[in-house]
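Results of the structural survey
Spelled out, the chains give:
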2 protein chains.
Amino acid sequence: MSDKKWVYLYSEVKQAEAYAGDWEGVRGLLGGKGANLAEMARIGLPVPPGFTVTTEACNAYIAAGNQLSDEMWNQMLAALAEVEKQAGKKFGDPKNPLLVSCRSGAKFSMPGMMDTVLNIGLNDDTAKGMVELTGNERFVYDSYRRLVSMFGSVVLEIPDEAFEEVLDHMKEEKGVKLDTQLTAADLKTLVEQFKAVVKREKGFEFPQNPLDQMRLASEAVFRSWNGKRAIDYRRASDIPDDLGTAVNIVTMVFGNMGDDSGTGVAFTRNPATGENKLYGEYLLNAQGEDVVAGIRNTEKIEHMAKDLPEAYEQFLKICDLLEKHYKDMQDMEFTVERGRLWMLQTRNGKRTAQSAVKIAVDMAKEGLISKKDAVQRVTPTQVDTLLHPQFDPDAVKKARKEGGVYATGVNASPGAAIGQIYFDADTAEKMAKEHKQEVIMVRPFTKPDDVHGMLAANGILTSEGGATSHAAVVARQFGVPCVVGASSIKIDLNKRQMTANGVVVKEGDWISVDGTSGEVYLGKMDVKAPKLEEQVELLTLLEWADEICATEGIRTSVNGSPSRGLQVWANGDSPEDARRARSYGAKGIGLCRTEHMFFDPARLPIVQRMILAKTSEARVEALNELLPFQRGDFEGLFEAMDGYPVIIRLIDPPLHEFMPDEESLLEEVITMRVKKETAGLEEKETLLANIRSMHESNPMMGLRGIRLGIVMPEIVEMQVRAIFEAAANMTKKGVHVKPEVMIPLTGHVNELKLIQPRLEKIAKDVMDEKGVQFPYKFGTMIEIPRAALTAGEIASVAEFFSFGTNDLTQMTYGYSRDDAERAFLAKYVEEGILPKNPFQVIDRDGVGRLMDLAIGEGRKARPELEVGICGEHGGEPSSIEFCHLVGNNYVSCSPFRVPVARLSAALAALKHAAK
Amino acid sequence: MSDKKWVYLYSEVKQAEAYAGDWEGVRGLLGGKGANLAEMARIGLPVPPGFTVTTEACNAYIAAGNQLSDEMWNQMLAALAEVEKQAGKKFGDPKNPLLVSCRSGAKFSMPGMMDTVLNIGLNDDTAKGMVELTGNERFVYDSYRRLVSMFGSVVLEIPDEAFEEVLDHMKEEKGVKLDTQLTAADLKTLVEQFKAVVKREKGFEFPQNPLDQMRLASEAVFRSWNGKRAIDYRRASDIPDDLGTAVNIVTMVFGNMGDDSGTGVAFTRNPATGENKLYGEYLLNAQGEDVVAGIRNTEKIEHMAKDLPEAYEQFLKICDLLEKHYKDMQDMEFTVERGRLWMLQTRNGKRTAQSAVKIAVDMAKEGLISKKDAVQRVTPTQVDTLLHPQFDPDAVKKARKEGGVYATGVNASPGAAIGQIYFDADTAEKMAKEHKQEVIMVRPFTKPDDVHGMLAANGILTSEGGATSHAAVVARQFGVPCVVGASSIKIDLNKRQMTANGVVVKEGDWISVDGTSGEVYLGKMDVKAPKLEEQVELLTLLEWADEICATEGIRTSVNGSPSRGLQVWANGDSPEDARRARSYGAKGIGLCRTEHMFFDPARLPIVQRMILAKTSEARVEALNELLPFQRGDFEGLFEAMDGYPVIIRLIDPPLHEFMPDEESLLEEVITMRVKKETAGLEEKETLLANIRSMHESNPMMGLRGIRLGIVMPEIVEMQVRAIFEAAANMTKKGVHVKPEVMIPLTGHVNELKLIQPRLEKIAKDVMDEKGVQFPYKFGTMIEIPRAALTAGEIASVAEFFSFGTNDLTQMTYGYSRDDAERAFLAKYVEEGILPKNPFQVIDRDGVGRLMDLAIGEGRKARPELEVGICGEHGGEPSSIEFCHLVGNNYVSCSPFRVPVARLSAALAALKHAAK
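Please read all numbers here as calculations on a predicted model, not as lab measurements. (Residues numbered from 1 in each chain as written. Chains lettered and ligands numbered in written order. Predicted model: local features only at pLDDT ≥ 70, side-chain atom pairs only at ≥ 80, totals over all residues. Heavy atoms only, no water.)

The next thing to look at is the UniProt feature "active site" (unreviewed entry) in chain A. All names here are of chain A. Under the feature "active site" (unreviewed entry), the UniProt entry names H470 and C870. Look at the named residues: they lie 401 residues apart in sequence, and the longest C-alpha span between them is 39.6 Å, so in the fold they stay spread out. By relative accessible area, H470 is classed as buried at 13%. As for its placement among the helices and strands, C870 is situated in the loop between β34 (866-869) and α35 (877-886). (UniProt positions renumbered as here; feature names shortened; annotations may be inferred. Buried < 20%, exposed > 50% of the residue type's maximum accessible area, 1.4 Å probe, protein only. Helix = DSSP H or I, 4+ residues; strand = E, 2+ residues; numbered from the N terminus.)

What follows covers the sheet that holds strand β11 (residues 330-337) of chain B. Residue and element names in this part refer to chain B. Strands sit in the order β10-β9-β8-β11-β12 across an open sheet of five strands; the sheet is antiparallel. Strand pairing shows two members of the sheet lacking a second neighbour, β10 (299-300) and β12 (340-348), which therefore form its edges. As judged from the two bridges shared by strand β9 (residues 279-284) and β10, these two strands associate in the antiparallel manner. Bridged to Y282 within β10 is E299. The sheet strands contacting helix α13 (residues 309-326) are β8 (262-267), β11 and β12, and the helix crosses β12 at an angle near 25°. (Pairing = 2+ DSSP bridges. Contact = heavy atoms within 4.5 Å. Axes fitted to C-alpha atoms, helices over the stretch in contact; angles between N-to-C directions.)

It is worth spelling out the pattern of salt bridges at this point. Residues and elements named next belong to chain A. Enumeration over the complete set of coordinates arrives at 123 salt bridges over all chains. Between R897 and D384 there is a salt bridge, with the nearest N and O atoms lying 3.1 Å from each other. With R897 in the loop between β35 (890-893) and α36 (898-911) and D384 in helix α16 (residues 380-387), the pair connects residues that are 513 residues apart, well separated along the chain. We classify D384 as buried; its relative accessible area is 17%. (Salt bridge = Lys/Arg side-chain N within 4 Å of Asp/Glu carboxyl O.)

With that settled, consider the packing of aromatic side chains. Residues and elements named next belong to chain A. Per the stated rule, a full pass over the model turns up 42 aromatic pairs over all chains. Where F599 meets F658, the ring centres are 4.7 Å apart and the plane angle is 25°; that geometry is what we call stacked. Residue F599 is found in the loop between β29 (589-593) and α23 (604-612), and its partner F658 is found in the loop between β30 (645-649) and α25 (662-674); the two are separated by 59 residues along the sequence. Residue classification places F658 among the buried positions, given a relative accessible area of 1%. Centre to centre, the rings of Y776 and F778 are 5.9 Å apart; their planes meet at 90°, and the pair counts as edge-to-face. Given the relative accessible area of 0%, F778 is considered buried. One aromatic cluster is present, built from ring pairs that chain together Y141, Y144, F151 and F206. (Phe/Tyr/Trp six-rings, centres within 6.5 Å; stacked < 30°, edge-to-face > 60°.)

The next point concerns unusual backbone geometry. Unlike most non-glycine residues, K676 of chain A shows phi in positive territory, near 55°. Mapped onto the elements, K676 of chain A comes out in the loop between α25 and α26 (681-693). Taking the relative accessible area as the measure of exposure, K676 of chain A reaches 71% and is therefore exposed. One non-glycine residue, R496 of chain B, lies in the positive phi region at around 55°. With respect to the helices and strands, R496 of chain B occurs in the loop between β20 (490-492) and β21 (497-500). For R496 of chain B, a relative accessible area of 27% gives the class partly exposed.

This part covers the nonpolar core. Counting residues in each nonpolar core, the largest one holds 295 residues, and the members touching the most others are F634 and F638 of chain A together with F634, F638 and F724 of chain B. Those residues in contact with F638 of chain A that lie beyond four places of it in its chain are V646, I648, I723, A726, A727, M730, V735, V737 and P739 of chain A. Core analysis: the next-biggest nonpolar cluster, separate from the first, contains 70 residues, V53, V140, V154 and I239 of chain B among them. (Core = buried A, V, L, I, M, F, W, Y, C linked by side-chain atoms within 4.5 Å.)

Here we come to the sheet that holds strand β12 (residues 340-348) of chain A. Working definition: the strands of a sheet are paired by backbone hydrogen bonds and lie parallel or antiparallel to each other. Residue and element names in this part refer to chain A. The sheet built from five strands is open, its strands ordered β10-β9-β8-β11-β12 with antiparallel pairing. Of all the strands in the sheet, the pair left with one neighbour each is β10 (299-300) and β12. Here strand β8 (residues 262-267) pairs with strand β11 (residues 330-337) via six bridges, running antiparallel. Among the inter-strand pairings, T263 is bridged to a residue of β11, identified as T335. Here helix α13 (residues 309-326) sits on the sheet in contact with β8, β11 and β12, set at roughly 25° to β12.

Turning our eyes to something else, we now look at the relation of the copies chain B and chain A. Turning chain B through 179° and shifting it by 0.3 Å along the axis lays it on chain A, with an RMSD of 0.3 Å. Taken together, the rotation and translation describe the operation of a two-fold axis. Within chain B, N698 of chain B has its C-alpha nearest the rotation axis, a separation of 2.2 Å. Here 100% of the interface residues in chain B have copies in chain A that are interface residues too; the copies meet face to matching face. (Least-squares fit on C-alpha atoms with pLDDT ≥ 70 in both.)

The next point concerns the environment of S487 of chain A. Residues and elements named next belong to chain A. You can see S487 is positioned in the loop between β19 (482-484) and β20 (490-492). For the pair S487 and P838, spaced 351 residues apart in sequence, the C-alpha to C-alpha distance is 43 Å. Look past the residues within four positions of S487 in its chain and what remains in contact with it is T408 and S463.

What follows concerns the pairing of β21 of chain B. Residue and element names in this part refer to chain B. Two strands pair when backbone bridges link them, and β20 and β21 are joined in this way by three bridges, in the antiparallel orientation. Across the sheet, residue D492 finds its bridge partner in β21, namely Q497. The loop that links β20 with its antiparallel partner β21 comprises four residues; one of these, R496, has a positive phi angle of about 55°. What sits between the antiparallel neighbours β21 and strand β22 (residues 503-506) is a turn of two residues, in which N501 has the positive phi angle 50°.

Residue and element names in this part refer to chain A. Here helix α2 (residues 23-42) contains 20 residues, and its C-alpha end-to-end distance of 13 Å is more than 12% below the 28 Å for a straight helix at 1.5 Å per residue. At G31, α2 shows its strongest bend, of approximately 115°. Burial analysis of α2 places 15 of its 20 residues in the buried class, the great majority of the element. Positive backbone phi, at 85°, marks G44, one or two positions downstream of α2. (Expected span 1.5 Å × (residues − 1). Bend = angle between axes of the 7 residues up to and from the residue.)

On the surface, a cluster of negative charge is made up of D160, E161, E164, E165, D168, E172 and E173 of chain A. With respect to the element layout, E173 of chain A can be found in helix α7 (residues 160-174). (Patch = residues over 30% accessible without salt bridge, like charges linked within 9 Å, V, L, I, M, F, W, Y side chains within 5 Å. Areas by Shrake-Rupley, 256 points an atom, 1.4 Å probe, with all protein chains shown as cover. Lys, Arg positive; Asp, Glu negative; His and termini not counted. Charge placed at Lys NZ, Arg CZ, Asp CG, Glu CD.)

What follows covers the side chain of R786 of chain B. By the element assignment, R786 of chain B lies in helix α30 (residues 785-789). Polar side-chain contacts of R786 of chain B include one of 3.0 Å to the backbone oxygen of G747 of chain B. If near-sequence neighbours (up to four positions away) are discounted, R786 of chain B is found in contact with T812, Y813, D843, D845 and G846 of chain A together with G747 and H748 of chain B. (Polar contact = N/O pair within 3.5 Å; in protein donor to acceptor, adjacent residues only side chain to side chain.)

Before going further, it helps to spend a moment on the domain arrangement of chain A. Here the domain parsing of chain A yields domain 1 (1-113 + 215-252), domain 2 (124-208), domain 3 (262-348), domain 4 (388-530), domain 5 (536-659 + 694-911) and domain 6 (661-693). Each of domain 2 of chain A and domain 3 of chain A has a C-alpha centre, and these two points are 28 Å apart. (Domains from an automatic or database assignment.)

As a further point, take the packing of α16 of chain A against α36 of chain A. Residues and elements named next belong to chain A. Contact geometry of α16 with α36 gives a least axis separation of 8 Å together with a crossing angle of 165°. With respect to α36, the axis of α16 lies roughly antiparallel. Of the two possible hands of crossing, α16 and α36 adopt the one that is right-handed. On α36, the residues that touch P380, V383, D384 and L387 of α16 are P899, V900, L903, S904 and L907. Of the residues in the contact of α16 with α36, the class split is seven nonpolar, one polar and one charged. (Parallel < 35°, antiparallel > 145°, perpendicular 65-115°, else oblique. Left-handed = near helix turned anticlockwise from the far one by under 90°. Nonpolar A, V, L, I, M, F, W, Y, C, P; charged D, E, K, R; others polar.)

Time to look at the interface of chain B and chain A. Every contact between the two is made by 58 residues of chain B and, on the other side, 59 residues of chain A. Carbon and sulfur atoms make up 57% of the surface buried where chain B meets chain A, a total of about 5000 Å² over both sides. One can count seven salt bridges joining chain B with chain A. A salt bridge links D843 of chain A to R786 of chain B; its shortest N-O distance comes to 2.6 Å. Seen at the junction of chain B and chain A, the total is 30 residue pairs in polar contact (both at pLDDT 80 or more). Looking at the side of chain B that touches chain A, the elements with two or more residues in it are α25 (662-674), α26 (681-693), α27 (706-711), α29 (749-770), α30, α32 (805-813), α33 (817-830) and α34 (847-861) of chain B. Within the side of chain B that touches chain A, the residues separate by chemical class into 25 nonpolar, 15 polar and 18 charged. (Buried area = accessible area lost by both parts, 1.4 Å probe.)

A word on empty space enclosed by the protein. Residue and element names in this part refer to chain B. Under the definition given, this model contains six cavities of 30 Å³ or more. In this model, the largest cavity occupies a volume close to 140 Å³. Lining the largest cavity are 14 residues; nearest its centre among them are R103, L118, M252, V253 and L344. Taken together, the elements giving at least two residues each to the lining of the largest cavity come down to α2 (23-42), β5 (100-106) and β7 (245-251). Grouping the constituent residues of the lining of the largest cavity by class yields six nonpolar, six polar and two charged. For the lining of the largest cavity, the domains that each give at least three residues are domain 1 (1-113 + 215-252) and domain 3 (262-348). (1 Å grid on protein atoms, 1.4 Å probe; cavity = no way out; pocket = protein on both sides within 12 Å on 5 of 7 lines; lining within 4 Å. Points joined across faces, edges and corners; volume = space filled by probe spheres on them.)

On to the pairing of strand β33 (residues 800-803) of chain B, then. In the case of a regular strand, side chains alternate between the two sheet surfaces. Residues and elements named next belong to chain B. Going residue by residue along β33, you find F800 and S802 tucked away on one face and F801 and F803 tucked away on the opposite face as well. Taken together, the three bridges between strand β32 (residues 777-782) and β33 define a ladder with parallel strand orientation. What sits directly across from I782, in β33, is F803. Both β33 and strand β34 (residues 866-869) contribute to a ladder of four bridges, which runs parallel. Paired with S802 across the bridge in β34 is G868.

Quick look at the structure:
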């Protein structure tokens with residue numbers, strides 16, 4: 001028998017800290033709820049007596065095959081005795097019974113994901129004693145029936161419906177709508193009926209021994225750590241599986257003891273907007289679950305000033321104190337029992353993206369936290385959310401004017417969502433994942449079981465519940481647009497349809513949900529990109545992020561090469577892209593794909609003529625027609641990026657991508673042949689033969705990039721001429737140009753040695769012709785594994801590297817992205833064969849190892865080598881962190897991702913700053 | 001002015017050695033010919049006085065822009081003065097003129113590739129003096145006309161034909177056939193006519209000053225180093241471009257001074273068979289070029305015993321002495337001038353593969369060299385040649401009996417060749433390379449200009465020339481089957497046809513050439529693989545090679561892991577393959593491709609049914625039908641490889657490879673639709689839709705290998721059951737089985753972690769069911785770059801690695817082999833962008849670096865890790881050397897390549913043995 005301490009009283013917070021090392025350790029050991037209760041007790045706030053069984057106990061319980069050891073139980077009994085002393089009541093004592101709640105509490109908040117049982121300690125005897133003690137029979141049997149149903153569903157795993165049916169039947173019989181309208185006698189009957197349900201479903205009686213109740217409830221909480229919904233939530237939130245949950249046994253206080261009692265939840269600042277003003281809800285004469293479940297309609301917290309003025313006054317002071325203590329916005333639960341305020345919980349509040357940014361910036365300005373803290377308070381996902389498209393304000397105005405608003409509810413989680421509606425989580429998930437549909441999940445209200453459907457949906461709509469209902473909390477956390485409590489909507493789950501104002505919308509129909517305004521529209525609404533310049537706090541935060549990168553980001557990389565602070569550049573193919581990128585804070589263009597310019601309908605016929613040219617002369621002639629187009633594009637780019645570098649990639653894709661589709665043409669030709677239609681057949685046959693001669697079994701690894709440049713140099717020669725003519729023309733207009741020519745798909749240094757000097761000569765010729773000089777670079781993409789493996793040689797020619805991590809991932813893994821995602825990659829990620837989709841998050845062990853090696857050896861050969869990344873990973877936070885670690889100069893991503901990348905870069909710099 | 005010594009007299013061989021360090025150095029400095037002449041002089045053999053201008057001088061000459069420095073020239077003049085002293089004659093002295101030859105001589109023999117000018121020193125004056133001195137006007141003007149034409153063509157670059165025309169005209173006029181039938185007066189006239197040709201073609205007179213002749217000839221020799229044919233030859237022979245050639249100025253001796261004179265070439269052993277018997281040809285009253293050019297029909301060397309008995313006796317002694325001195329078979333040129341023997345050249349003789357093996361083994365047995373020396377005397381290419389298919393002896397017998405032999409000539413280079421005939425080198429090369437035809441090049445005789453065509457051809461046939469003619473020498477060296485001097489054939493180059501015995505064969509027709517027998521057949525002859533067991537000397541040599549691997553091969557690899565001596569295993573899919581592999585010395589099966597068994601026409605319908613199965617049950621049902629087939633295959637394999645490991649790879653290719661061709665089916669369907677044929681249409685449409693749903697854009701990187709095993713585990717489960725049932729059945733029959741199950745295409749250790757335990761369980765289940773135990777392994781291919789990069793993790797699960805270097809090369813380079821070779825890879829290799837085709841020779845810097853890293857990290861995780869290679873590189877010498885260096889346990893190659901690989905492995909072990 002070990003001496004391990006499995007149980008801590010709230011008054012033992014110092015001992016917990018001594019054992020766990022620091023506050024983070026305490027939260028890990030006691031869970032967030034337990035740690036915060038203990039902390040509140042330490043600073044003298046009114047917390048009901050209680051204790052915590054540690055997360056270590058949970059892990060030991062699971063490891064032992066779901067066995068609670070005698071040692072743990074004995075420690076729980078000892079702590080219970082201490083609580084009895086503090087509360088002046090005794091567990092199971094009919095004369096003065098102690099009642100407790102049993103709640104889960106993990107290190108990271110997982111609201112509603114694990115189990116809770118209230119009113120433990122009630123049985124037939126103590127109920128009677130309580131009635132004598134309180135003189136309130138209704139309250140006692142209300143509490144007792146809640147215990148039986150909660151215990152039945154949570155601990156004994158009897159379906160909720162079994163109890164709900166009985167309750168509904170009773171309300172119908174009594175002709176009432178609300179639970180509160182039931183009488184004491186009704187509730188007493190209900191207790192007996194609920195106990196009968198337990199007996200019927202499980203074959204044994206509802207346990208009358210309070211210690212059995214506590215023990216079984218505690219074990220149920222431990223087991224709930226590995227319940228399906230908890231696992232789903234952890235996966236979605238990146239919470240490790242081995243943390244475990246603590247169990248909190250807390251003396252019950254009752255908000256349902258009459259009109260001098262109540263219960264509520266509140267945030268110290270507005271979790272939706274960030275406004276610095278108390279925000280919450282409360283209910284008179286109710287237990288906490290009524291508020292959270294969103295079943296009863298709540299009052300705004302301000303109303304409490306009238307109903308319970310003293311408690312409210314005290315509560316306001318506590319709010320202020322807690323925010324200063326934790327230096328963050330607090331999400332609190334409290335109960336007033338016969339006028340006395342009890343704090344049941346505090347934690348850092350979950351919040352919308354908008355709110356997170358505003359609170360962080362405000363608190364930094366208030367001096368509560370530092371700028372670094374502020375930056376670390378906002379996640380890249382939140383910034384992303386703020387830049388998600390919103391509905392077009394004009395379209396919204398029009399809809400409002402013309403009565404196109406289908407319904408209105410509480411704007412619970414901002415953002416615009418369009419999708420086909422589905423009425424349950426399983427269907428919503430299936431349609432989204434398997435059928436790749438855009439989905440809106442519609443429910444009367446949501447429960448923790450529904451989370452997988454909510455995560456799969458573009459948006460969520462409920463007809464019931466308020467701003468702190470389950471649907472609202474989850475949606476906010478995951479950035480899913482959500483409207484709750486749209487009460488004009490009647491949902492018919494059987495008919496799979498909903499009705500509002502007489503308009504029926506069936507499952508599969510399209511709607512648009514605006515989580516920012518709370519409005520719901522029929523059909524698909526136009527969307528519009530939000531304007532960053534209007535988001536003042538975000539602009540401030542991103543400026544702070546940039547400052548951090550430029551200072552904290554300077555260090556030595558893991559590969560030993562110098563890291564000069566990660567910049568964020570953008571991928572952009574047009575002047576419009578470039579302007580947007582610049583307005584979003586990009587410090588350069590990291591990838592301009594020249595071939596996108598070839599697909600323009602005005603140019604494609606010339607491109608095809610160029611490809612089909614039989615002689616070099618004919619090819620050059622077609623290219624000469626393309627040159628002015630390309631030059632014009634580049635001029636616009638250089639102008640938009642005045643003063644910043646612009647990396648232009650020479651033609652990359654195989655030429656057959658510019659040709660008509662082979663299969664359709666084949667079908668046409670065969671059809672014409674069979675029908676003996678000769679007019680134009682020969683021409684089509686020739687074209688088909690031409691396209692077929694370009695056919696490749698694996699085009700991804702065929703004739704493209706520099707290989708094309710070597711086999712058919714006329715194209716890249718034209719492109720380089722266009723780039724330098726454009727740069728020269730802009731230089732003459734006073735624009736500061738910094739062109740960088742990027743050669744794609746290099747695999748062997750000799751490829752570069754052959755082509756780069758020829759292209760550099762054209763560059764010099766053009767500058768001589770135009771009589772201007774400007775700085776420029778020639779470099780290459782590193783997207784072939786061999787290029788990374790021989791980076792030292794390649795850097796002897798290339799002046800910069802840009803990792804094309806899309807192709808590098810394809811080739812390092814041997815995955816053809818188009819084929820793999822459909823055929824097996826989804827399955828791989830789902831089953832955990834791959835921890836992440838490597839096309840979304842850089843695979844550090846494989847692809848990352850090649851990058852690290854390439855940068856180290858590249859910089860050994862050329863210390864001033866400029867290194868960037870232009871694959872899709874350039875906008876993904878974990879990948880950006882990796883780019884910081886290996887010493888990239890910049891990441892380049894889509895213009896819309898630039899703000900996300902700026903924040904991510906700062907977070908990486910802070911995370912890895914020398915301590 | 002430096003003090004560099006550019007010129008060495010033959011008597012200065014010790015100084016050359018002091019300067020160059022060792023014998024290799026001397027050969028590098030003086031070239032093979034010069035070094036050997038000097039060496040023969042040192043050991044007292046009769047060598048005409050002379051000197052060598054060094055290869056360094058050649059390089060300096062080329063570096064200076066083809067300028068001979070004064071310093072070099074002055075040293076040549078000084079050496080010439082010494083030669084004059086030794087010879088007792090004076091250059092340009094009409095009374096007693098010294099004549100010299102000017103010959104090239106590089107470090108590595110390049111017969112006929114560079115230029116030679118004989119009889120330098122003759123002019124109108126010295127010719128007259130010579131006539132007085134020798135009394136032999138015919139000889140003198142014969143020599144003089146040779147000088148003018150040689151000098152004209154070699155130094156002045158006048159086309160040969162210009163002189164040939166004049167000669168032919170003269171012979172016609174005089175009504176003679178042979179040059180020797182021309183009189184002294186005729187030859188004197190010819191000299192004048194040749195001089196007129198020079199004047200006409202060049203506009204200046206043939207230089208009369210002997211010093212001008214020597215200087216210009218020497219410069220021409222230097223320049224010839226960079227002539228097209230020399231460069232072609234060097235490329236084909238892997239001779240570096242920077243070695244340069246030396247110039248040898250040697251006193252002329254004359255074999256054409258009458259019937260007491262003669263000239264010849266001889267080998268100390270037979271260069272075709274290796275027989276230990278002098279082998280050569282000579283001509284009375286002739287100059288050496290007559291023998292080598294193959295224009296005059298020569299006598300066998302034995303005849304010399306009768307014609308010139310004393311000189312022959314002396315020559316036999318010299319042969320013996322030279323072979324012992326050089327410890328190798330010698331190829332010698334000599335001249336007898338008025339009864340006196342002069343040695344003009346000795347060198348290690350080029351030989352056929354058969355001869356190389358026999359000579360090496362014989363010499364080792366004679367105690368002349370060691371076993372290690374013997375192994376190093378044979379090249380992998382030569383072993384390969386010996387195993388090349390030969391014509392089916394039965395078919396040959398039949399052809400002989402039925403008069404199917406078209407012609408017979410000298411069996412100049414062994415081996416069987418089938419091809420379409422082409423009459424010039426350019427066409428032959430074009431047809432072979434561009435049109436991928438099998439080509440036989442047919443010429444009256446060949447010249448150095450023809451080498452590119454000869455290398456491109458499967459075989460060579462000439463109507464003229466003997467066993468030491470140009471065609472014969474080149475063909476032997478490159479292992480091209482060759483018949484020369486098939487004099488019954490008349491070639492008409494204008495009509496592009498040849499005729500023998502009245503049968504006309506036109507350009508493009510098929511013939512078969514047997515370089516072993518000297519016979520030529522019409523059409524395509526059946527071929528048969530040679531039997532290794534009949535090649536006794538080769539068997540001995542390969543045994544020695546295996547011994548060397550097992551002793552010299554044990555060392556520490558470059559990556560620090562232990563190397564235990566490289567074994568050679570074979571790839572084989574059938575019991576027949578396995579038996580052949582074993583008879584060729586394979587020590588295991590390194591790759592059995594199970595899917596090849598699926599393509600069997602009896603099985604393919606079942607395979608297709610399995611693929612199209614809609615349920616797992618239906619799939620398993622089809623697989624159960626396949627199981628007995630696979631088990632039967634494996635039983636045969638295990639039996640054939642009794643006692644040796646057999647690595648069986650689970651299904652690798654994408655499933656659509658087993659389905660009917662999509663495009664043909666599409667054509668059928670469209671045709672049926674247009675023609676409104678409904679019968680069976682729906683079925684075909686469904687099949688088409690099914691096949692289309694399997695379509696992948698880059699199938700190489702799609703759903704195959706382990707990915708298929710994870711998505712559709714039923715197939716690999718059946719395969720593993722079949723393997724272990726077969727192994728168990730064979731064990732019961734007393735066969736020692738060592739099955740190793742290879743999982744293809746692993747990219748992440750989690751793939752293996754998921755699938756391998758499931759398969760191992762089946763293995764154990766089967767052994768339990770059958771009640772037998774035997775050793776087995778589970779491992780993986782390393783063919784995805786990421787697998788190599790994370791080899792440490794993968795080795796924690798896999799018990800062996802087998803590098804699939806074909807796919808690893810595809811993905812490391814990003815080359816789709818099918819597309820790349822056609823689209824750009826040929827160009828890349830031709831233009832030197834890639835030093836070698838990486839699909840033939842392992843790219844050490846890229847692919848090799850991954851292998852090295854994977855072995856090092858794999859063995860760190862699992863020290864006993866078995867490592868092999870099963871790509872095509874496993875039979876390629878340079879790749880085998882690399883596998884030795886990085887510590888492979890074995891290479892696995894096609895059964896036919898096993899002997900080549902065994903020798904290559906030994907050569908690698910010897911090359912890198914600790915000194």
